[in-house]
Amino acid sequence: MTTKGIDLSKLFGTVASALVENKDALNQSDTYNHDHGDNMVEIFEVITQAMKEKSSATPAEQLAYASQLLQAKSKSGSAKLYAEGLQEASTKLQGKKTVTSNSAVTLLEAL
């Protein structure tokens, strides 16, 4: 029996859309510099872009590329942490042809 893989660009795109909808609330809850929502939207839009650009690659390759792209395009502290998490998830998903609901836990734990 084959398990259908999770489309990472759709997954991260859905998160990006939810963050766009809640960006103002996230900014308001950030009492230090009021830009957490902006940063999170940027982070997940970059990740989504990376997933789309590498859609034919393995999940590990997509995640590694997203990590590199995020490091190059965003300088926030949150972006650095997400880039590290993406790289960790990439390492843990080496050899996997798809992300399934079972292996998605590994991705979530890394992020």
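Bear in mind the structure is a predicted one, so any value in this text is a computation, not a measurement.

Reading the values: rules and limits
Starting afresh in each chain, residues are numbered from 1 along the sequence in its written order. Residues qualify for local features only when their pLDDT is at least 70, as the model is predicted, and side-chain atom pairs are given and counted only at 80 or more; totals for whole chains, interfaces and linings, by contrast, use all residues. Only hydrogens and water are set aside when side-chain values are computed; all heavy atoms of the structure are taken into account. Classification of ring pairs rests on two measures: the distance between centres of Phe, Tyr or Trp rings, Trp counted by its six-membered ring, which must be within 6.5 Å, and the angle between planes, read as stacked under 30 degrees, edge-to-face over 60 and tilted in between. Put simply, DSSP H or I for four residues or longer makes a helix, DSSP E for two residues or longer makes a strand, and each gets a number counted from the N terminus. When a residue's accessible area, from a 1.4 Å probe over protein chains only, is under 20% of the maximum for its type it is buried; when over 50% it is exposed; and in between it is partly exposed. For this document, the term salt bridge refers to a Lys or Arg side-chain nitrogen within 4 Å of an Asp or Glu carboxyl oxygen. A 3.5 Å cut-off defines polar contacts: any pair of N or O atoms within that distance qualifies, except that in protein one atom must be a possible hydrogen donor and the other a possible acceptor, and neighbouring residues in sequence count only when both atoms are side-chain atoms. We call two residues in contact when some of their heavy atoms are within 4.5 Å.

Trainee: Provide a residue-level description of the packing of aromatic side chains, including the pertinent values.
Mentor: If you walk through the whole model with that rule in mind, you get 2 aromatic pairs. With 5.3 Å between their ring centres and 75 degrees between their planes, Phe44 and Tyr82 make a pair best called edge-to-face. Here Phe44 is found in helix α2 (residues 36-53), whereas its partner Tyr82 is found in helix α4 (residues 77-92), with 38 residues between them in sequence. In terms of burial, Phe44 and Tyr82 fall into one category: buried. By the ring-pair criterion, three or more aromatic residues cluster together here, those being Phe12, Phe44 and Tyr82.

Trainee: Can you break down unusual backbone geometry residue by residue, with the values?
Mentor: Of note in the backbone geometry, His34 takes a positive phi value of approximately 55 degrees without being a glycine. Structurally, His34 can be placed in the loop between α1 (8-29) and α2. Given the relative accessible area of 46%, His34 is considered partly exposed.

Trainee: Which residues make up the pattern of salt bridges, and what values go with them?
Mentor: Tallying each qualifying case throughout the model produces 2 salt bridges. Put simply, Lys23 and Asp38 hold a salt bridge, and the shortest N to O gap is 3.8 Å. Pair noted here: Lys23 is in helix α1 and Asp38 is in helix α2, with a separation of 15 residues, a long-range link. The exposure class of Asp38 is partly exposed, given its relative accessible area of 35%. With a shortest N-O distance of 3.1 Å, Lys92 and Glu88 are connected by a salt bridge. With a gap of 4 residues between them, Lys92 and Glu88 both fall in helix α4, about one helical turn apart. Judged by relative accessible area, which is 44%, Lys92 ranks as partly exposed.

Trainee: Summarise the side chain of Gln62; cite the residues concerned and give the values.
Mentor: Tracing the sequence through the fold places Gln62 in helix α3 (residues 59-73). The buried category is assigned to Gln62, whose relative accessible area is 7%. A distance of 3.2 Å separates a polar atom in the side chain of Gln62 from the backbone oxygen of Met51. Not counting residues up to four positions away in its chain, the partners in contact with Gln62 are Leu8, Met51, Lys54, Ser55 and Ala57.

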